[in-house]
Amino acid sequence: MASKSELKQKEKLISDYILEKKKIEESLNSIKESIISIQEGEDGNSPYWNGKNAYTNISKVLTYIDKGYAILDYMNQLDESIKK
């Protein structure tokens, strides 16, 4: 059986983990919004940055965002395992 201090440590780790996961999610959302803004511009009709180089870099960033969300999904699965 776990002692009270072990349970408190576990609760602290879970709390820190959830906080960091939330920060990652907020950062990914912010990056995604910024990319959309770069692609569409302020009025939605004229991109701030276009051309082959822009497309390549934006595509890479979107891939990184997708991978970040995949990591968050995995973290959510870990949440369920930890709670059991």
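Before any of the text, the structure's been laid out above.
**Digging into the overall build of the protein**
Part 1 of the reasoning: Tallying secondary structure elements over the protein gives two helices and zero strands in all.
Part 2 of the reasoning: Relative to the globule expectation of 12 Å for 84 residues, the C-alpha radius of gyration of the protein, 19 Å, shows a markedly less compact shape.
Part 3 of the reasoning: Structurally, the protein occupies a C-alpha span of about 60 × 20 × 15 Å along its principal axes.
Part 4 of the reasoning: For the protein, the proportion of its 84 residues judged to be buried stands at 14%.

**Thoughts on the pattern of salt bridges**
Part 1 of the reasoning: Counted by the stated rule, this structure contains two salt bridges.
Part 2 of the reasoning: A salt bridge links Lys 23 to Glu 20, with the nearest nitrogen and oxygen atoms 3.4 Å apart. Remark: Glu 20 and Lys 23 occur in helix 1 (residues 4-40); sequence separation between them is three residues, near one turn of the helix.
Part 3 of the reasoning: The partly exposed category is assigned to Lys 23, whose relative accessible area is 41%.
Part 4 of the reasoning: By relative accessible area, which is 41% here, Glu 20 ends up partly exposed.

**Section: helix 2 (residues 52-83)**
Part 1 of the reasoning: Here helix 2 contains 32 residues, and its C-alpha end-to-end distance of 47 Å stays within 8% of the 46 Å for a straight helix at 1.5 Å per residue.
Part 2 of the reasoning: Those residues of helix 2 that fall on the buried side of the exposure criterion are Ala 54, Ile 58, Ile 65, Gly 68, Leu 72, Met 75 and Asp 79.
Part 3 of the reasoning: As for helix 2, its buried residues are in contact with helix 1.

**As for the nonpolar core**
Part 1 of the reasoning: The biggest cluster of nonpolar side chains holds five residues, and these are Tyr 17, Leu 28, Ile 65, Leu 72 and Met 75.
Part 2 of the reasoning: Residue assignment for this core shows that the elements contributing at least two residues are helix 1 and helix 2.
Part 3 of the reasoning: Considering each element in turn, this core owes the most residues, three residues, to helix 2.
Part 4 of the reasoning: With near-sequence residues (within four places) excluded, Ile 65 lies in contact with Leu 28, Ile 31 and Lys 32.

**Quick word on the side chain of Lys 21**
Part 1 of the reasoning: By secondary structure assignment, the location of Lys 21 is in helix 1.
Part 2 of the reasoning: Residues in contact with Lys 21, not counting those within four places in the same chain, are Leu 72, Met 75, Asn 76 and Asp 79.

Parameters and conventions
- Residues numbered from 1 in each chain as written.
- Predicted model: local features only at pLDDT ≥ 70, side-chain atom pairs only at ≥ 80, totals over all residues.
- Heavy atoms only, no water.
- Helix = DSSP H or I, 4+ residues; strand = E, 2+ residues; numbered from the N terminus.
- Rg over C-alpha atoms; globule rule 2.2 N^0.38 Å.
- Buried < 20%, exposed > 50% of the residue type's maximum accessible area, 1.4 Å probe, protein only.
- Salt bridge = Lys/Arg side-chain N within 4 Å of Asp/Glu carboxyl O.
- Expected span 1.5 Å × (residues − 1).
- Contact = heavy atoms within 4.5 Å.
- Core = buried A, V, L, I, M, F, W, Y, C linked by side-chain atoms within 4.5 Å.

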